[in-house]
Amino acid sequence: MLKGAVRQPLAPPVGAAMASGAAGAAGGAASADAAAKRRHESPTHQAHQHEGKERVLPLIQRPVHLRLDVLPFALGYLALILLDAQFTSGAAIILVDVLYVALLLGQLALFLKCQWDPLWHASIAYRRYRYQPPPSSLRADIIDGKMQDMTTWTHCLVVPPNPYATSDEKASQTVRPERAGIVPVALESASGGTSLVATIHFRGWTYRCCCNAAAGLEEEHADRPMESIWQPDGEGSTSFLGEISDGEDEFEDDKKATGKYGGSCATLGWEPHFHRLHFPIDLPLQFYARWTGHASDRALQSTRRIFGRNQTVIPLPPYLSLLTQQLLQPMFLFQLLCVTLWCMDEYWMYAVFTLMTLLLFESVQALNRWRSVKRLREEVVGADVGAEANNTTSAHHVKQRVECYRQGEWTTLPTNELVVGDVVGLASPSAPNGGRHRSIRRGAHDHERGSTVPADLLLLRGRAVVNEAMLTGESVPQVKESIEAGDDGDGARKTLDLGDGAAHKRCVLFGGTTLMDHHSAEEDGENGASGQTPADIPPPPNQGLVCFVLRTGFDTIQGQLLRTLAYHAEAGGGSGSGGEGVNAKETFYFLLILLLCALASAGSVVHHAWGDVTRNHFKLVLHVVIIITSVIPPELPMELSLAVTTSLGELVKRYQVYCTEPFRIPLAGLVDTCCFDKTGTLTSDEMRLHGVRLPDALGQKDGAKKGELSGSNDDADLILFDSILSKNKASLSDENDDSNRKSPLQALLPRDTLRVMVGCQSLAVTHVFVPGRDGRTVVQTELCGDPLEKAVVEGCGFTIHPKTDLVVEKDALSTAASGGGSLKVLHRFAFSSKLRRMTVLALDADTTDTLWALTKGAPEALKPMLDPNSLPPDYEQSYLRHMTLGRRVLALGYRDLGKNTPSALAKWKSSRDSVEQKKLVFAGLLVMDSPLKADSARVVRELRLGNQNVIMVTGDAVLTAAEVARRVGIIDSPKENTYEICIRSGDATKFLFRPLDSRVGGNSKETKEFPYSPSNLGKLLAMVQEGSASFCVAGDVLTKLAIHAVELNTAVKSGPAQIDDRTVLNHPAAKAALSQLVPIISVFARHAPRHKEAVIAAFNASGRHTLMCGDGTNDVGALKQAHVGVSIVSVPDLEKKQRDANDAISAAKAEEKRERKKMKAKEGKGKGSSTKTTKQKRSRAEGIERSLQAIAEAEDELHFVSLGNASVASPFTSRKTSVRCCKDILQQGRCTLVTMIQIYKILGVQCLVNALVLTTLHQKGVKQGDRQLTAVSLVVAMLFLFVTRGKPLPKLSTQKPPSSVLCKETLLSMTVQFGIHFVAIMAATVLSELWVDSYDPSIVPDGPFHPNTLNTATFLVTVLCTINAFLVNYRGRPYMEDLTENKLLLRSIQACYFVLFVCATEAFTPLNQLMQLSPLPTSGPPLFLEVGAGEASLGSVLHEALLQGVSLVGFRGVLCVIMCLDTALVSSGEKAIRSLFKNY
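Rules used throughout
Per chain, the residues get numbers from 1 upward, laid out in the order the sequence is written. Per-residue local features of the predicted model are confined to residues with pLDDT of at least 70, and side-chain atom pairs are confined, for both listing and counting, to 80 or more; whole-chain, interface and lining totals are unaffected and use all residues. Hydrogens and water molecules were not included; the side-chain quantities draw on all heavy atoms of the structure. Labels follow the DSSP assignment, with helices taken as runs of H or I lasting at least four residues and strands as runs of E lasting at least two, numbered in each case from the N terminus. Burial classification: accessible surface area is computed with a 1.4 Å probe over protein chains only, and a residue below 20% of its type maximum counts as buried, one above 50% as exposed, and the rest as partly exposed. Throughout, a contact is declared for two residues whenever any of their heavy atoms are within 4.5 Å. Each accessible area is a Shrake-Rupley estimate made with a 1.4 Å probe; only the visible protein chains count as cover when residues are assessed. Following DSSP output, two strands are said to pair if at least two bridges run between them. Directions are taken from the helix axis to each C-beta atom, and the arc is the one they span. By salt bridge we mean one thing: a side-chain nitrogen of Lys or Arg within 4 Å of a carboxyl oxygen of Asp or Glu. To estimate the expected span of a helix, count its residues, drop one, and scale the result by 1.5 Å. Here, patches come from residues exposed beyond 30% relative accessible area and free of salt bridges, joined within 9 Å for like charges and within 5 Å for nonpolar side chains (Val, Leu, Ile, Met, Phe, Trp, Tyr). For every residue, the predictor reports its confidence as pLDDT, a number between 0 and 100. As used here, the term nonpolar core means buried Ala, Val, Leu, Ile, Met, Phe, Trp, Tyr and Cys residues forming a set that is joined through side-chain atoms within 4.5 Å. Any pair of Phe, Tyr and Trp rings, taking the six-membered ring for Trp, is counted once the centres come within 6.5 Å. Such a pair is stacked with planes under 30 degrees apart, edge-to-face with planes over 60 apart, and tilted for the rest. Any Lys NZ or Arg CZ that is within 6 Å of a ring centre and within 35 degrees of that ring's normal is treated as a charge sitting over the ring. Orientation is described by lines fitted to C-alpha atoms, with helices fitted over the stretch in contact, and by angles between N-to-C directions that extend from 0 to 180 degrees. Throughout this entry, Asp, Glu, Lys and Arg are counted as charged residues, while Ala, Val, Leu, Ile, Met, Phe, Trp, Tyr, Cys and Pro are counted as nonpolar. The remaining residues, Gly among them, count as polar. Here roughly perpendicular refers to angles of 65 to 115 degrees, roughly parallel to angles under 35, roughly antiparallel to angles over 145, and oblique to all remaining angles. Each crossing is labelled by how the near helix is turned from the far one, with a counterclockwise turn of less than a right angle marking it left-handed and a clockwise turn marking it right-handed. The definition of a polar contact used here is a pair of N or O atoms within 3.5 Å, where within protein one atom must be able to donate a hydrogen and the other to accept one, and adjacent residues in sequence count solely through side-chain atom pairs.

1. A look at the overall build of the chain
Okay, step 1: Scanning the chain for helices and strands turns up 48 helices and 42 strands.
Okay, step 2: When the 1480 residues of the chain are sorted by exposure, 56% land in the buried category.
Okay, step 3: Considering only contacts in the chain between residues 6 or more positions apart, those separated by 24 or more positions represent 75%.
Okay, step 4: When the accessible surface of the chain is summed, it comes to about 62700 Å², and 56% of that surface belongs to carbon and sulfur atoms.

2. Some thoughts on the sheet that holds strand β36 (residues 991-995)
Okay, step 1: Strand order across the open sheet formed by eleven strands is β21-β42-β41-β40-β22-β34-β39-β38-β35-β36-β37, with mixed pairing between neighbours. A single partner strand is all that each edge strand has here, and the edge strands are β21 (657-659) and β37 (1010-1011).
Okay, step 2: Bridge count for strand β35 (residues 978-983) against strand β38 (residues 1030-1034) is three bridges, and the pairing is parallel. By the bridge assignment for β38, T978 is matched with S1030.

3. A word on the sheet that holds strand β16 (residues 463-467)
Okay, step 1: Pairing is antiparallel in the open sheet, where four strands are placed in the order β14-β19-β16-β17. Of all strands in the sheet, those bounded by a partner on one side alone are β14 (451-452) and β17 (478-481).
Okay, step 2: Pairing of β16 with β17 involves four bridges; the strand directions are antiparallel. Considered in β17, the bridge of A464 is made with K480.

4. Here we look at helix α30 (residues 902-909)
Okay, step 1: Among the residues of α30, A904, L905 and W908 are the ones counted as buried. Buried residues of α30 fall within an arc of 100° about the axis and therefore sit on the same side. When the buried face of α30 is taken as reference, the exposed residues oriented beyond 90 degrees from it are P902, S903 and K907.
Okay, step 2: Residues of α30 that are buried sit in contact with β29 (823-832), β30 (837-844), β31 (847-857), β32 (888-899) and α31 (912-916).

5. Here's the deal with unusual backbone geometry
Okay, step 1: Between R1373 and the following residue, P1374, the backbone shows a cis peptide bond with an omega angle of 10°.
Okay, step 2: Assignment of secondary structure puts P1374 in the loop between α44 (1349-1369) and α45 (1383-1401).
Okay, step 3: Positive phi outside glycine occurs at Q407, with the angle close to 50°.
Okay, step 4: One can find Q407 in the loop between β9 (401-406) and β10 (409-414).
Okay, step 5: A residue is classified by how much of its surface remains accessible, and Q407, at 41% relative accessible area, is partly exposed.
Okay, step 6: A positive phi angle, close to 50°, is found at R1086, a residue other than glycine.
Okay, step 7: Structurally, the position occupied by R1086 is in the loop between β39 (1083-1085) and α37 (1089-1101).

6. Some points on the pattern of salt bridges
Pairing between side chains of opposite charge can happen when their charged atoms approach one another.
Okay, step 1: The final tally for this structure, using the stated rule, is 34 salt bridges.
Okay, step 2: Salt bridges here are not isolated pairs; linked through shared partners, they connect R463, E481, R506 and R828.

7. A word on α45
Every α-helical turn comprises 3.6 residues, leaving residues that sit three or four positions apart pointing alike.
Okay, step 1: Under the 1.5 Å per step criterion, the end-to-end length of α45 is 27 Å for 19 residues, consistent within 8% with the ideal 27 Å.
Okay, step 2: Residues of α45 that are buried: L1385, L1386, S1388, I1389, C1392, Y1393, L1396, V1398, C1399 and A1400.

8. Let's talk about the environment of A791
Okay, step 1: Mapping A791 onto the fold places it in helix α27 (residues 787-795).
Okay, step 2: Given the relative accessible area of 14%, A791 is considered buried.
Okay, step 3: What A791 contacts, discounting residues up to four positions off in sequence, is M687, L689 and M928.

9. Notes on the pairing of β35
When a strand is regular, its side chains alternate between the sheet's two faces.
Okay, step 1: Where burial is concerned, most of β35 is hidden: five out of the six residues are buried.
Okay, step 2: With five bridges joining them, β35 and β36 adopt antiparallel strand pairing. Opposite I983, over in β36, you have F991 as the bridge partner.

10. Overview of a nonpolar patch on the surface
Okay, step 1: Nonpolar side chains collect at one region of the surface, where Y100, V101, L104, L105, L108 and F111 lie side by side and expose about 560 Å² of accessible area between them.
Okay, step 2: When you line up the elements, L104 lands in helix α4 (residues 90-116).

11. Topic: the pairing of β30
Okay, step 1: Where burial is concerned, most of β30 is hidden: eight out of the eight residues are buried.
Okay, step 2: Both faces of β30 are covered, namely the face carrying R837, T839, L841 and L843 and the face carrying M838, V840, A842 and D844.
Okay, step 3: Examined bridge by bridge, β29 and β30 share seven bridges and lie antiparallel to one another. Of the residues in β30, the one forming a bridge with V825 is A842.

12. Overview of the confidence of the model for the chain
Okay, step 1: With 74% of its residues at a pLDDT of at least 70, the chain reaches an overall mean of 75.
Okay, step 2: Contacts of residues 574-579 to residues separated by more than four positions or lying in other chains number 17 contacts, the stretch itself having pLDDT below 50.
Okay, step 3: Residue range residues 1424-1435 is modelled with pLDDT below 50. Its contacts to residues more than four positions away, or to other chains, number eight contacts.

13. Things to note about the nonpolar core
Okay, step 1: Core analysis: the largest hydrophobic core is formed by 198 residues, its most contacted members being F1031, L1077 and L1455.
Okay, step 2: Considering each element in turn, this core owes the most residues, 21 residues, to helix α41 (residues 1220-1259).
Okay, step 3: What L1077 contacts, discounting residues up to four positions off in sequence, is I981, Y1012, L1017, L1038 and L1041.
Okay, step 4: Within the second largest apolar cluster, 35 residues are counted, among which are L689, L754, L823 and V840.

14. Notes on the packing of aromatic side chains
Okay, step 1: Inspection of the entire model under this criterion finds 24 aromatic pairs.
Okay, step 2: Between F1084 and F1099 the ring centres are 6.2 Å apart and the planes differ by 80°, which places this aromatic pair in the edge-to-face class. Within this pair, whereas F1084 is found in strand β39, its partner F1099 is found in helix α37, the two being separated by 15 residues in sequence.
Okay, step 3: Three or more aromatic residues joined by ring pairs make a cluster, and in this case those are Y979, F991, F993, F1010, Y1012 and F1031.
Okay, step 4: The cationic tip of R276 hangs over the ring face of W205; the distance from NZ or CZ to the ring centre is 3.9 Å.

15. Quick word on the packing of helix α20 (residues 617-629) against α41
Okay, step 1: Their axes nearest at 9 Å, the elements α20 and α41 cross at an angle of 145°. Together, H623, I626 and I627 of α20 and L1254, T1255 and H1258 of α41 make up the contact between the two elements.
Okay, step 2: Its residues assigned to classes, the contact of α20 with α41 shows three nonpolar, three polar and no charged.

16. Considerations on the packing of α4 against helix α5 (residues 118-125)
Okay, step 1: Taken N-terminus to C-terminus, the directions of α4 and α5 make an angle of 120°; their axes are 5 Å apart at the nearest point. As judged from the angle between their axes, α4 and α5 are oblique. Classified by chirality, the crossing of α5 by α4 is left-handed. Contacts from L110, K113, C114 and W116 of α4 reach α5 at P118, W120, H121 and I124.
Okay, step 2: Residues that form the contact of α4 with α5 fall into these classes: six nonpolar, one polar and one charged.

17. Things to note about the environment of G797
Okay, step 1: Relative to the helices and strands, G797 resides in the loop between α27 and β27 (798-800).
Okay, step 2: On the basis of relative accessible area, G797 is assigned to the partly exposed category, the value being 27%.
Okay, step 3: In the structure, G797 is positioned 13 residues away from K810 in sequence and 5.9 Å away in space, judged by C-alpha atoms.

18. Thoughts on the side chain of T513
Okay, step 1: Within the element layout of this structure, T513 appears in the loop between β18 (508-509) and β19 (514-519).
Okay, step 2: We classify T513 as buried; its relative accessible area is 0%.
Okay, step 3: A distance of 2.5 Å separates a polar atom in the side chain of T513 from the backbone oxygen of F510.
Okay, step 4: Apart from residues no more than four positions distant in its own chain, T513 is found in contact with S451, T452, V453, V466, N467, E468 and L471.

Quick look at the structure:
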């Protein structure tokens, strides 16, 4: 068997890590596959163990006549037919009819349940496969039996995991479960008939289950056909994977222990085991070095059959199918039942109108879903798919062609023909072609001009510049190096590792990204001799990069994002009901209360009328059902969906914020904690070179004292670049002799320091084509890569030569290919977030025979590696002091590695530790700063004024983060009262709070340190809220706190246990401890992505509602964990353009203000304005106009910046670079939340009023006409539409909206309103009864509707109660526009009042006739009624008052008074409740 292939674990089995979201897939999918082989090292290797635990169960389809929804019911119908033929008595026939109806309803219910729940469908229509061992114990018979069983499989049930199975209750607000599915099984024979493979496809994933006849006990279920692909010598021969292995099968024990392939033939039971495709992403590095592509057609066909082509098939579901799904939803069926009941009660017009409205709503919902899938499909497939008829291949895949090395020769293929394992040659459009360039693009932010990477490719040869904005949303280009250059040579196992933070990720070109520029191995000289590419593969014809295809189609990182988008769009984007976001449990209780009220009303009706022989029992039962179903009005889902849809449109239209999960918009109204990343979010991604702190031995070079070179006491130890460079350039520009003149920096900085600054980087040069002044295209080169490194190199006056990749001075770029002072980088040990440093091996032109190791990194991380003799005594105080000023500090070091020879270079390249762990010579401290974004401080201040807790979660150092937090207003306590949590010296289990300034030379005797204890956290929280203290914590300390909490918890339960630092933050004990700690922390510094996610989870566990704002992939986990995740675009060049323009405008206005003062002074002396002043004004006006034009251009260019498919990971994505979008989202969220709560209140009051009308008044013979119900329905729909049009206020209120429909304020308000309405309706009823004859057939409860005084008066008052519900429940300020500002709603309510009072006064009789209203009385009650009423109501104050009112103002006047009193009383009652409850 294939030792080398088998030793590598298959792709994660069905329980492996499923991509939980979009942008995190860039590391998640790769790490899921790679981490599977390390499971024996870390049992809790995933952050959430329930993720990726989907189950795949084989099914056998039942024949139609044996289905559980057919056979039992058919037998039941047959039995009822036979019974019906036998029975002759009436009671027996009625019983048979009842049983028949019950059976029919049961079958209908079972059918609907199968449509709603695939698990039920699987149980009803399929039979689950269960293995039955054969009587023979021979291995051959057992395997043959398994293969025979596999041939009976027809389908598989795929059950995704419950995303919050082990989480708390609030997790359901942020994570949605996936729907299970039933998919067909495809069986194929492989390996010459010795293997049988079952394959299924579920939502873009492919699962396989294999059974092998000719295999060992542990390998009988190994996927041999898939493993044999990487066997170039064919089956039966020794694989070179086995040759390059170390002789140990490291995973053999793990494979046997875990039953990796589903159990051996020796087991009595066998559960089929499906696994995902195993892509070659974790093989030994030497495998890629020796791989020469697919060598035969057989291998190519096998690979294509298993892994598929490089295409993303997004099927377009038929519109009728989506509409059918909508119409079979439980809510629509309930609404349909209500419509049917109204039809049976003779309200045809109202029922038809409601039905048409519901059908229109569901049709629009289905159409939106269909358009979403179609839009996504057109983006992937191309807009011209119609010409290709059902083509589902990506258009750019079809049109783009690539060089592919197959069967020993290069050939040109469409990219959709690529398969896994192909070796391709990829070239950028900017590659030279006969001395000329083939493409033009405007700048680095124009992503559509480059060459799209067709699949996930491993870079074997060359160097690339890639823009990954389509995946990450970050516009900063990334430099990719070959796998040999990306190998850190740390002595670890030489296998490809694409996990989070792995160095090999910088050797992968991810599909969908843009290849901006490339440098082939032939251009790189020595790099072309890399040992990672087979020597017998010639250079590609296009002189491009040589790459290995790792993953294709939906399995690429981009494909996984597209899969998420596709199935999210088909499912409706989470906006099916629109009501999600308000607590579902509390909503259920709210409806349950209304249901109890309806049941009480229905019970009173039954009790009152069941014994009445004159009543029609069918009509009575029908009426009772209508009362019960009136609890949930049919328009409820439409109104809630309308509120969310309106908010979606407002976010896009007003704020350019896009939302992929609409149910989170109301959640934004509940947010009380706002978390921000620092770099790229609160501050710009642009890094500015501030200065350099030289070693003391070099600080006095040429007599230039550092103090004299600095501009302030804070910079007393720095060489400041801005002032010194400008001064020296100005002085040196007048010198004529420049033959041997050094540049200003060479005169100021030691060569050793300058060498590290410009040599220790991973930048690359790319070609940019910009329009020149004469309209012609000008070819320019620009550096791309890390903004910090770019700022240092450019700030030092250096660049990279576009042809030789030498680091040279800009002045020497046009004169010589390798001018004086050049550097050549030979090898890079990439920056690692774990090590916090990077190192390069380089040659200096001044010392060509010497090999230099150049290192930079965090000062605290580099200090143990630096030679103590080279360190200044104030090393630590110096970098800490600059960090307290909000600056970023890097330590520089170098080492002389001796003479440069090929053997010496190979030796140093093989081991990173041997280069870095020796004593490096200190070369200085590099001080950088990044400017705050223009409105960061203002937005933070507004959020805090809005009663929001604002915190910072960043990867920067504690001191730097604390200072930036103080600048933006997150920290408002004095510096001496800013503390950090530290570990007590000598005891890793004890923690204390220590002032931050004590690290920077503060007097520890005067500073107060106090121990950390959970018991004093409450007092500390009060101090934080008062602003008298602030607290910070670093990521490593947070981990130690979590470990300590877990150790305490574990020791109490089961004694000491081994704890994994990577997953300890997810332990329940750690979460509990952190949830108590995080409320007092203002700054979380030095936090890795897993720390950020844990912090947000801890805030959620403490009962907070969180917002997280970030800009990069390192924030993805936190964005997904937060209730509201907001990603913003990061475009440093556009931010700089806007900032420079704003600074120019501010300077011009300041100058204008000074000139105005001078003019006033001159006018006081009698002097007029001069011509010079007029010219200055014109010049300033032109400058301001240019700056405004630059700002407008930057805003326009932001529209062309790709948001990236990774924005799917964030529910909200802003096209602006400012964090102001967070405040806008909170305002819109509060507006939406209040709107939804007032919709519930309005519908609740309306439901109670309807219950009153349908019970008490119905017993008195009160009915409503068909036209009346239809008109009221139209008015209510219009008013609800205008309610949702309310807009948020520009200022965030300190008062938070109610968080629940079950709060005491809401319930009290509804009770008071209903009580007032009840009195008003009963008063109108008592008044009208005096004019109604009890023998009038129009008041018979079961009779038809006939207008009379009673139903006319009660109808007018009931409609008024409905209008008043909109009037008094409209919340307005401080969360949204007031009623007077919502002009449409105000005018509509005024029009409704006008129409009602016109009808009540009978000012326009045709209107009353149209509304089926009877003429109102114009005189006193009839004589016989008056006497009877007087006898019956002797002493009745209400009757006396009403009769006196009628005698004074008439019936109409009394009716109008009742309506006015109802309006005044409910308005006053609501105002009183709002004044009583301040937060209501």
